[in-house]
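# Report on the structure
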Amino acid sequence: MGSPENARDQHKDEVHSVWLRPRRTVRGEPPLTRERIVEAAVALLDEEGVDRLTMRRLADRLAVSAPSLYWHVDTKDDVVDLAVDAVFREPPAAGAGWREDVTAVLEGWRAALLRHPWAAAVPARRRPAIGPNFLAQMEHLQAALVRAGFAGTGLSAATWALYNHVLGSAASQAALRITAEERRVGQERLRAERDRYPTLADNGYLYDDDWDGSFSTGLAYLLDGLEAQIGR
C-alpha cells in the first residue's frame, strides 16, 4: 500500500487544466460538441452563478444525459475554465501608443467581467487562466508594455498590477450588495464615531460608488506610475 507522500508526489505530476490535456477523439462525431457545452454553461452561469452549476444541471439544459458531457470534459472545473475563456473576445488591434493599448485591453476585460459577474472571481482560484482567448488578451497587454520599455521582473510587476486593478474593480462591483438605507444608516454611524473614523466620516465613504470613475482614475494613476519607471 502506497504512502500518503507517494500519493501526493503522483498528484503533482498530473495535468489538471482542460487546456493542456489532449481532447478525446471517437470514431465519428458525437452529437454533443464542446462548443455547445460552453455556450450552455455560460448561459447557465449568467443566470444562476458558479455555485449552482453542476454537471447534471448542465446536461439537463442541453437535453442530454450527464455521462455524455464526459466525452468532452472531465470535471466541473473544466467547464468553468472553458466558460471563463469564452467570455473574453479578441483584443483590439495595436493603437497609437502603449497607454492606449493597455487601456483598451483593461476596459475590455472589465466590460466582459461585468457582463458575466460570476467570472470576476474565477480566474484567481486554483488554476491559471490559460485559454486561447485570455492568452491573446494577455499577449496584447504584455506586448504593449514591452513596447513601452518594460522587461524581466519589471514587465511581470507591471502586468500583475494592471491585472489586479481590473479584476479587483470588477469583482468588487459585481459582489457589492448594499441598499440606500444601509448607506444612510452606515454613514450616520461613521459620523457619530467621527473620533475613530474622521476621514471616512468627512468623505462619504459609504456613498463612494462611482465605479467607472474610480476605475478610470485608478488606471490613470497606475499608468502614470508605470510611465515614471520607464528608463530608470
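Coordinates for the structure precede this section.
So, here is what we can say about the structure in this document. The model shown is predicted, which means the values in this text are computed figures rather than measured ones.

Let us look at the packing of helix α8 (residues 152-175) against helix α11 (residues 211-229). Orientation of α8 relative to α11, taken along the N-to-C sense of each, is 170°, at an axis distance of 11 Å. The orientation of α8 with respect to α11, classified from their angle, is roughly antiparallel. Contacts between α8 and α11 involve Ala158, Ala161, Leu162, His165, Val166, Ser169, Ser172 and Gln173 from the former and Trp211, Ser214, Phe215, Gly218, Leu219, Leu222, Leu223 and Leu226 from the latter. Here the residues of the contact of α8 with α11 sort into 10 nonpolar, 6 polar and no charged.

Time to look at the nonpolar core. By size, the foremost hydrophobic cluster in this structure holds 51 residues, and its most contacted members are Leu58, Leu106 and Trp109. Taken together, the elements giving at least two residues each to this core come down to α2 (34-48), α3 (55-62), α4 (66-69), α5 (76-86), α6 (98-115), α7 (132-148), α8 and α11. When residues of this core are sorted by domain, at least three fall in each of domain 1 (34-87) and domain 2 (98-229). Apart from residues no more than four positions distant in its own chain, Trp109 is found in contact with Phe88, Phe134, Gln137, Met138, Leu141, Tyr163 and Val166.

Mapped onto the secondary structure, Val146 falls in helix α7. Taking relative accessible area as the criterion, Val146 reaches 45% and is therefore assigned partly exposed. Val146 sits 48 residues away from Trp98 along the chain, and the two C-alpha atoms are 8.7 Å apart.

Right, let's talk about the side chain of His165 for a bit. The residue His165 is located in helix α8 in this model. Within the local environment of His165, its side chain forms a polar contact with the backbone oxygen of Phe215, the two atoms lying 3.1 Å apart. Apart from residues lying up to four places away in sequence, His165 is in contact with Ser214, Phe215, Gly218, Leu219 and Leu222.

What counts, and where the lines are drawn
- Residues numbered from 1 in each chain as written.
- Predicted model: local features only at pLDDT ≥ 70, side-chain atom pairs only at ≥ 80, totals over all residues.
- Heavy atoms only, no water.
- Axes fitted to C-alpha atoms, helices over the stretch in contact; angles between N-to-C directions.
- Helix = DSSP H or I, 4+ residues; strand = E, 2+ residues; numbered from the N terminus.
- Parallel < 35°, antiparallel > 145°, perpendicular 65-115°, else oblique.
- Contact = heavy atoms within 4.5 Å.
- Nonpolar A, V, L, I, M, F, W, Y, C, P; charged D, E, K, R; others polar.
- Core = buried A, V, L, I, M, F, W, Y, C linked by side-chain atoms within 4.5 Å.
- Buried < 20%, exposed > 50% of the residue type's maximum accessible area, 1.4 Å probe, protein only.
- Domains from an automatic or database assignment.
- Polar contact = N/O pair within 3.5 Å; in protein donor to acceptor, adjacent residues only side chain to side chain.

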